[in-house]
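Remarks on the overall topology
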Amino acid sequence: MIPTEDASARKREIEEKLKQEQETLAFIRENLEKSDQLTKGMVSILSSFESRLMQLENSIIPVHKQTENLQRLQENVDKTLSCMDHVISYYHVAKDTDKIIREGPTGRLDEYLACIAKIQKAVEYFQDNNPDSPELNLVKARFEKGKESLEAEFRGLLTRYSKPVPPILILDAIGVDEELEVQEEVTLEHLPEAVLQDIIIISGWLVEYGRNQGQGQRVHRVRMRGAPRTRRGPTPVHRHRSSEKRRPSPSMRFYSSTILYDFMNVYFQIRSNQLDRSIKGLKEHFRKSSASSGILYSPAVQTKRKDTPTKKAPKRPVYIPGTIRKAQNLLKQYSQHGLDGKKGGANLTPLEGKDDVLDIEIDSYIHCISAFVKLAQSEYALLSEIIPEHHQKKTFDSLIQEALDNLMLEGDNIVSAARKAILRHDYSAVLTIFPILRHLKQTKPDFDTTLQGTAASTKNKLPTLITSMETTGAKALEEFADSIKNDPDKEYNMPKDGTVHELTSNAILFLQQLLDFQETAGAMLASQETSSSASSYSSEFSRRLLSTYICKVLGNLQLNLLSKSKVYEDQALSAIFLHNNYNYILKSLEKSELIQLVAVTNKKVESSYRELIQQQIQVYQRSWYKVTEHLTDRNMPAFQPGTKLKDKERQAIKDKFKGFNDGLEELCKIQKGWAIPDKEQRDFIRQAQRKVVSEAYKAFLQRYANISFTKNPEKYHKYRPDDVEDMIERLFDTSA
């Protein structure tokens, strides 16, 4: 059970809580009543506001609608007035632009193009809205006048400012110094920068004005008018810039597509003429400078680099000038005038003046080929900025035709002249082809790259010329080898002194010239080969072919010399003749790289010629047997000092002395006029013969020194041993 005190305490606590809850409930009821009163008041206020707002709206909405209608009417009036002003402006375009169109675009191109744009818009408006209006014909005529003025300005700018490239600048462009660490790019600026910009703008307009009416004109205005005109550097030799591709639109049918071709024809005709004049100017400069100095040089390069004397002169992409002149010098050095400089029997009169002219022609043509490639590259770079992309190749093809045709014609003339010379058996003329052909082959890769995209007939012109030169050169080489073998000249022009024959010197000279053009000559020979080896052409194959050819020429020459030597009645002179020619051939081979080239297919060529030379020396020495046989004891009895000789014995001794004296005098008289140009060989033969004769003569004198066979010993004992040696020492010397 719960205690009574706790229960009463619990009861009091519950009663207190109940009282508190009742007080709270009374407070809440009081607040609810106040809230209801406020709500009723607010509802009354909102109802009153709503009724007043509805009254206001019913009065304002009609006013608003009326105002909106009035604003719309005002806008329509403004637009109508603006359109009327715009339309009326088209009727005034012809009058407003008349002065500028009549005066032309010169000096005011931007303003002029803006007028043309206005006229073009007027044409479009009248075509679309009032095609029967007389104003259409007026603005059309004005547009045609403006277009003609632009075309005339395009032609005039090109004509006035297109100049041939100075020869000095061309030479610098084709002869960059390979020895310089920093190479300066040589640029060819064909037109002044401002003029070029105007031409580009005009050509762009001539392309654009016949295109899509909307898009084309927007592109034109943004590119030609909106963009600032920036300055560019001069046109580099190898710069190519593609132009934006554009699609033609049929929307403007009154424009003729021939307009494009008209201005492109004007362009290629003017630039083609300048390209041809540039090359001709270089050729003329080359003739003048080469004729005066004999050395091609560029004053611009010399001036620019005069403070750097340690650097080498600029290298040109051509062969060393003076091919024919070099041939004459070699001929004078190694010919029958003597390997030691002593004059032989044949006479040579080099036509140095004629050869200098020929050298100039060769140098000129080679430089013109290189110049054409560089100038054509530069012309294409310029053309790519002016001519639409899809017309560039065709225009470029037309542009280069005249200059290219002239170069190919000149090359054909060189080939034709060589062929005529070959028919006259003047095989040295083929030397003019070698440097040209070599340079054409070296230039062909650049040539093909430059002409990429042109017509096949254009690209085939250089290969055709190369093939023609190779065929002509190969024919000349073969006919030269045959002429060496079959030369019919045996008595006429045979050297009376047995010196080197002109045929030998000319043949060796010709072969020496091939050394500078080994690969070219080998390619000529390979072009006529039909074997599988020829089809897989290589430099080694070319070298072997050339070596075989030289061996063939030397073999034919040897056979011909043997045949010619039979013309001499004196076998000793025949031996001297062969000795001189064989020795000349050997020395010439050794002095040049011919010996290494021949050794490719004939390892024993040097020993073979030395053996031939020794054989001829032995044949010559046998000519002295008829002298030295008088110094022998053959058919002579033994003599005792103090013994009296019989008349027959005395006469035999006298005959010995007389035979020796007469034979010695006769041989020395004859052989004194013979020639051995090589001093080393001449001294060797003299010394050998002097030793043999002198020793035999001394022994002969010693045998008969104490034998009295005549009352007049000085009549028979005419020469002392020293005298005999002096006489032999004067052999082969007409001046002694």
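What comes next is a walk through the structure. Treat the numbers as computed from the prediction; the structure is a model and nothing was measured.

Considering the overall build of the chain
A tally of regular secondary structure across the chain gives 26 helices and 0 strands. Residue burial in the chain is summarised as follows: out of 736 residues, 44% are buried. Carbon together with sulfur atoms contributes 52% to the accessible area of the chain, which is approximately 40,400 Å² in total.

Examining a nonpolar patch on the surface
On the surface, Phe49, Leu53, Leu56 and Ile60 cluster together to form a nonpolar patch covering roughly 400 Å² of accessible area. With respect to the helices and strands, the residue Phe49 is situated in helix α1 (residues 4–103). When its relative accessible area of 53% is taken as the criterion, Phe49 is described as exposed.

Quick look at the nonpolar core
Counting residues in hydrophobic clusters, the biggest one holds 168 residues, and the most contacted among them are Phe372, Tyr549, Tyr620 and Trp624. Broken down by element, this core gets its largest block of residues, 14 residues, from helix α10 (residues 352–386). If we skip the residues at most four places from it in the chain, Tyr549 touches Leu477, Glu478, Phe480, Ala481, Phe510, Leu511, Leu514 and Leu525.

Remarks on the packing of aromatic side chains
Enumeration according to the criterion identifies 14 aromatic pairs in this entry. Taking 5.1 Å as the distance between ring centres and 80 degrees as the angle between the ring planes, the aromatic pair formed by Tyr380 and Phe396 counts as edge-to-face. Here the residue Tyr380 occupies a position in helix α10, and Phe396 occupies one in helix α11 (residues 389–423), the gap between them amounting to 16 residues. Judged by its relative accessible area of 10%, Tyr380 falls in the buried class. Cluster of aromatic residues (ring-pair linked, three or more members): Tyr91, Tyr125 and Phe126.

Brief notes about the pattern of salt bridges
This model, assessed by the stated rule, comprises 28 salt bridges. Of the charged contacts, one joins Asp662 and Lys658 as a salt bridge, the two residues approaching to 2.8 Å between their closest N and O atoms. Separated by 4 residues within a single helix, Asp662 and Lys658 lie in helix α23 (residues 647–671), roughly one turn from each other. Under the relative-accessibility criterion, Asp662 is labelled partly exposed at 33%. Each of Lys679, Asp683, Arg686, Arg690 and Glu729 takes part in a single network of salt bridges with overlapping partners.

What counts as what
Residues numbered from 1 in each chain as written. Predicted model: local features only at pLDDT ≥ 70, side-chain atom pairs only at ≥ 80, totals over all residues. Heavy atoms only, no water. Helix = DSSP H or I, 4+ residues; strand = E, 2+ residues; numbered from the N terminus. Buried < 20%, exposed > 50% of the residue type's maximum accessible area, 1.4 Å probe, protein only. Areas by Shrake-Rupley, 256 points an atom, 1.4 Å probe, with all protein chains shown as cover. Patch = residues over 30% accessible without salt bridge, like charges linked within 9 Å, V, L, I, M, F, W, Y side chains within 5 Å. Salt bridge = Lys/Arg side-chain N within 4 Å of Asp/Glu carboxyl O. Core = buried A, V, L, I, M, F, W, Y, C linked by side-chain atoms within 4.5 Å. Contact = heavy atoms within 4.5 Å. Phe/Tyr/Trp six-rings, centres within 6.5 Å; stacked < 30°, edge-to-face > 60°.

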